[in-house]
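These are the residues of each chain, in order.
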Amino acid sequence: MDAKPKNEPPSWSLWTSLSYAMVMVLIGIPLWWKTTTVQRAPLPYQEMLMLHEFLTNNFRIQVDVHFKGFSITEDVALENTAYFKYNFIPMADSEKEVMKKSKDLYEVDKSLCSLSPRNELNIYYVDRVEFRKEYGQRIVVGNCNSIYYLSNSAPPNFEIITSILNNFKPSSNDNSSELNLPLSIGYDVLLSLLVPEPEVFDVTWKIQYGIKKYIEPMLQKLNNFAEFNIRSQILYYIRLNVRPKFNKDTGNYEVSYDQLPIVINPVESKLTSFVSQNPALNFLVYVAPCSSSPMQIMEEDGSFIDSNGFFVPQWGGIQVYNGPCSSSSNDTTPHEVSIRSIMSVIIPQFRALIGVPRLVKDKKKC
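Remember, predicted model here, so these are calculated numbers, not experimental data.

Honestly, the overall build of the chain in this entry has me stumped. Any pointers?
Across its full length, the chain holds nine helices and 15 strands. Going through the 366 residues of the chain one by one, you find that 36% of them count as buried. Sequence separation of at least 24 residues holds for 69% of the intrachain contacts in the chain that already meet a minimum separation of 6. A total accessible area of about 24,900 Å² is found for the chain, and carbon and sulfur atoms account for 54% of it.

Structure, rendered in structure tokens:
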């Protein structure tokens, strides 16, 4: 009878290995697949697209508009809208007394603020010709949800009133909110002058004078809503990431529209020199180097941008400043930046970024 080899493994070890393999294949792999698979629930894309329209049409707060002191005997047809509900009601005795005894419209508005509720809009008919002569206009907006219609013995023009109310309605085509900064109790404003060639341009700017004359008067009207901290700095040897092309016809070095998105990348990390939790607004004034001056930023259609600048939503604005270049390359040219010129660009950019609408004069006189 032949003897078994000494190095041959026992038969039970083979079955053990096969059982481990079977467990891994039948249980281990399915379990691993199940526990590591990302669950993807189907999303109702069509309903999501219709949600904005549904909310706009169904979730509106209708404001009560009370016409006080107006005559309802006239043929007046004001239809209620989704935003306003019109009512003609008589003035209270206390309101009539205020209208009669007050010296001017400021005193009227101050007294009525304590009498009128804040959850409605009141439009008062002021039958005092001297007020109309003093203010020189027919419609005056008060402080406490009140509008004053100053009479000059002519029938009330309700079209003017409703046109003013329509300006308060939200517009579905208004994309300005995408530009605005997030809401905050404070904002940091940083004004930076970028001088890429200080050995050629000895540039100075009276920025404190510009802040005091142009920016502070506007911020005084906004201090009730937020606090603005303004800082300024001058950065040397910093160039924008652009490659302007010389145009023989215009004599300008043109920066094409497709280069604008990458302009701020090389300078953004060098702007903030302070630590703050407030949202920041950056306004850059780039002094064009003489090797590419005058530099002109172009629109998408190839036309010139009048301001020679642009702004980035929720970030800030950039403008190119072309200074006088010396004919001699060895001379350093001293130059003072025109504050009035750069502020004419910064102020509109600032207003757009914080959400202050631009006032447009109406051709119709109230």
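Further notes follow.
What exactly am I supposed to notice about a nonpolar patch on the surface here?
Side chains of Met-22, Val-23, Met-24, Val-25, Leu-26, Ile-27, Ile-29, Trp-32 and Trp-33 sit close together on the surface and give an oily, nonpolar patch of about 1,000 Å² of accessible area. In this structure Met-24 comes out as exposed when scored by relative accessible area, which is 52%.

I tried to follow the nonpolar core on my own but got confused; where do I start?
Nonpolar side chains in soluble globular proteins generally cluster together in the buried interior. The biggest cluster of nonpolar side chains holds 30 residues, and the ones touching the most others in it are Leu-191, Trp-205 and Phe-350. If you list the elements that add at least two residues to this core, you get β6 (186-195), β7 (201-204), α7 (207-220), β11 (280-287) and α9 (339-354). Top contributing element to this core by residue count: α9, with seven residues. Contacts of Leu-191, omitting those with residues within four sequence positions, involve Trp-205, Ile-207, Ile-211, Ile-215, Ile-230, Arg-231, Ser-232, Gln-233, Phe-283, Met-343 and Ile-346. Leu-235, Val-267, Leu-271 and Trp-315 belong to the second largest nonpolar core, which has 22 residues in total.

Help me understand empty space enclosed by the protein, please; the structure alone is not making it clear to me.
Over the atoms rolls a probe the size of a water molecule, and in doing so it shows where empty space is left. Per the stated rule, a full pass over the model turns up two cavities of 30 Å³ or more. Quantified by volume, the largest cavity comes out at close to 40 Å³. Around the largest cavity, the lining residues are Leu-240, Val-242, Val-255, Leu-260, Val-263, Met-295, Ile-297, Phe-310 and Val-320. One number sums up the size of the second largest cavity: a volume of about 30 Å³. As for the second largest cavity, its lining consists of Val-189, Leu-191, Ile-215, Met-218, Phe-283, Ile-346, Ile-347 and Phe-350. Where the lining of the second largest cavity is concerned, the elements lending two or more residues are β6, α7 and α9. Of all the elements, α9 adds the most residues to the lining of the second largest cavity, at three residues. A class-by-class count of the residues in the lining of the second largest cavity yields eight nonpolar, no polar and no charged.

Which parts of the structure should I look at to understand the packing of helix α3 (residues 93-101) against helix α4 (residues 105-113)?
Describing two packed helices takes the angle between their axes plus the distance from one axis to the other. Where α3 meets α4, the closest approach of the two axes is 9 Å, and the angle between their N-to-C directions is 160 degrees. In terms of orientation, α3 lies roughly antiparallel with respect to α4. For the element pair α3 and α4, the recorded crossing hand is right-handed. The residues of α4 that touch α3, namely those facing Glu-95, Val-98 and Met-99, are Val-108, Ser-111 and Leu-112. In terms of residue class, the contact of α3 with α4 is built from four nonpolar, one polar and one charged.

Before we go on, may I ask you to explain the pattern of salt bridges in this structure?
Pairing between side chains becomes possible if they bear opposite charge and their charged atoms approach one another. This model, assessed by the stated rule, comprises five salt bridges. For Glu-97, the salt bridge goes to Lys-101, with nearest N and O atoms at 2.9 Å. Here Glu-97 and its partner Lys-101 are both found in helix α3, four residues apart, which amounts to about one turn of the helix. Since its relative accessible area comes to 45%, Glu-97 is described here as partly exposed. A residue is classified by how much of its surface remains accessible, and Lys-101, at 60% relative accessible area, is exposed.

Looking at this structure, I do not really get the packing of aromatic side chains. What am I missing?
For any two aromatic rings, the description comes down to two numbers: the centre-to-centre distance and the angle of the planes. Evaluated as defined, the whole model comprises 13 aromatic pairs. An angle of 50 degrees between the planes, with centres 5.0 Å apart, marks the rings of Phe-246 and Tyr-253 as tilted. Through successive ring pairs, a cluster of aromatic residues spans Phe-67, Phe-70, Phe-84, Tyr-86, Phe-88, Tyr-125 and Tyr-149.

Honestly, the side chain of Ser-292 in this entry has me stumped. Any pointers?
Relative to the helices and strands, Ser-292 is located in the loop between β11 and β12 (295-297). Once residues within four sequence positions are removed from consideration, Ser-292 is found in contact with Pro-244 and Tyr-253.

Please explain the environment of Ile-347 as it appears in this structure.
Inspection of the secondary structure assignment puts Ile-347 in helix α9. For Ile-347, a relative accessible area of 16% gives the class buried. With 129 residues separating them in the primary sequence, Ile-347 and Met-218 have C-alpha atoms 9.1 Å apart. Sequence-distant contacts of Ile-347, defined by excluding residues within four places in its chain, comprise Tyr-214, Ile-215 and Met-218.

Conventions and cut-offs
Residues numbered from 1 in each chain as written. Predicted model: local features only at pLDDT ≥ 70, side-chain atom pairs only at ≥ 80, totals over all residues. Heavy atoms only, no water. Helix = DSSP H or I, 4+ residues; strand = E, 2+ residues; numbered from the N terminus. Buried < 20%, exposed > 50% of the residue type's maximum accessible area, 1.4 Å probe, protein only. Contact = heavy atoms within 4.5 Å. Areas by Shrake-Rupley, 256 points an atom, 1.4 Å probe, with all protein chains shown as cover. Patch = residues over 30% accessible without salt bridge, like charges linked within 9 Å, V, L, I, M, F, W, Y side chains within 5 Å. Salt bridge = Lys/Arg side-chain N within 4 Å of Asp/Glu carboxyl O. Core = buried A, V, L, I, M, F, W, Y, C linked by side-chain atoms within 4.5 Å. 1 Å grid on protein atoms, 1.4 Å probe; cavity = no way out; pocket = protein on both sides within 12 Å on 5 of 7 lines; lining within 4 Å. Points joined across faces, edges and corners; volume = space filled by probe spheres on them. Nonpolar A, V, L, I, M, F, W, Y, C, P; charged D, E, K, R; others polar. Axes fitted to C-alpha atoms, helices over the stretch in contact; angles between N-to-C directions. Parallel < 35°, antiparallel > 145°, perpendicular 65-115°, else oblique. Left-handed = near helix turned anticlockwise from the far one by under 90°. Phe/Tyr/Trp six-rings, centres within 6.5 Å; stacked < 30°, edge-to-face > 60°.

Just geometry here; none of it tells us what the structure is for.
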